[in-house]
Amino acid sequence: MPIYEYECKACGFISGHLVLKPSDRAKLACRRCGAKKLRKVMSRFATHKTESQRLADFDPAKPTGGTFYKDDRNIGLWAQKRAQQLGLDMGDSFQETLEKGRSKKILDNL
Ligand SMILES: [Zn+2]
């Protein structure tokens, strides 16, 4: 199926569109904001993933970028968030460990 990905020039939203003939291309509009100015995304063209497949593959628990854990403030953030979601009280020692991790002091104790 000739499904191509287009990026909206107005809001940046990328969506897959089925384009069988040139007139289909002319009718394309952003699914988020409705703008008609779309740009074909060539780099992702070969993946042929549908939007639902991409959504299924997306794991919100994963950091969004490689720089995530390079920021000291993000160390232990996931564990903290998870504990919060589960309603667990990890106690002061947990907070202390996080603080040590963030300030790199934890390395001194290894
Ligand atoms: Zn848009």
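Look above for the structure.
The model shown is predicted, which means the values in this text are computed figures rather than measured ones.

Chemist: Describe the overall build of the protein chain, with residues and values.
Modeler: Assigned secondary structure in the protein chain consists of four helices and three strands. Helices and strands in the protein chain line up, N terminus first, as β-β-α-β-α-α-α. Buried positions account for 19% of the 110 residues belonging to the protein chain. Taking all contacts inside the protein chain whose residues are at least 6 apart in sequence as the whole, residues at least 24 apart take part in 36%. Only carbon and sulfur atoms are counted for the fraction: they give 56% of the accessible area of the protein chain, which is about 8,400 Å².

Chemist: Account for the coordination of the zinc ion, with residues named and values stated.
Modeler: Distances from the zinc ion to its protein donors, namely Cys8 (SG), Cys11 (SG), Cys30 (SG) and Cys33 (SG), fall within the range 2.3 Å. Of note is the zinc ion, whose four donor atoms meet at the metal with angles of 106 to 115° in an arrangement that counts as tetrahedral. Positions of the donor residues of the zinc ion along the chain correspond to the pattern C-x2-C-x18-C-x2-C. Of the residues examined, cysteine 33 reaches a relative accessible area of 43% and is grouped as partly exposed.

Chemist: Which residues make up the pairing of strand S2 (residues 14-18), and what values do they have?
Modeler: Strand direction decides the pairing type here: strand S1 (residues 3-8) and S2, joined by five bridges, are antiparallel. If you follow glutamate 7 over to S2, its bridge partner there is isoleucine 14. Connecting the antiparallel pair S1 and S2 is a turn made up of five residues, with glycine 12 showing a positive phi of about 85°.

Chemist: Explain the nonpolar core residue by residue, including any values.
Modeler: Core analysis: the largest hydrophobic core is formed by eight residues, namely Tyr4, Tyr6, Cys8, Val19, Leu28, Cys30, Ala35 and Leu38. Broken down by element, the residue count for this core peaks at three residues, all from S1. When residues no more than four places from it in sequence are discounted, the contact partners of cysteine 30 are Cys8, Cys11, Phe13, Ala35 and Leu38.

The rules we used
Residues numbered from 1 in each chain as written. Predicted model: local features only at pLDDT ≥ 70, side-chain atom pairs only at ≥ 80, totals over all residues. Heavy atoms only, no water. Helix = DSSP H or I, 4+ residues; strand = E, 2+ residues; numbered from the N terminus. Buried < 20%, exposed > 50% of the residue type's maximum accessible area, 1.4 Å probe, protein only. Contact = heavy atoms within 4.5 Å. Areas by Shrake-Rupley, 256 points an atom, 1.4 Å probe, with all protein chains shown as cover. Donors = N, O, S within 2.8 Å, 3.2 Å for Na, K, Ca; no water. Tetrahedral: all angles 85-135°; square planar, octahedral: opposite > 155°, others 65-115°. Pairing = 2+ DSSP bridges. Core = buried A, V, L, I, M, F, W, Y, C linked by side-chain atoms within 4.5 Å.

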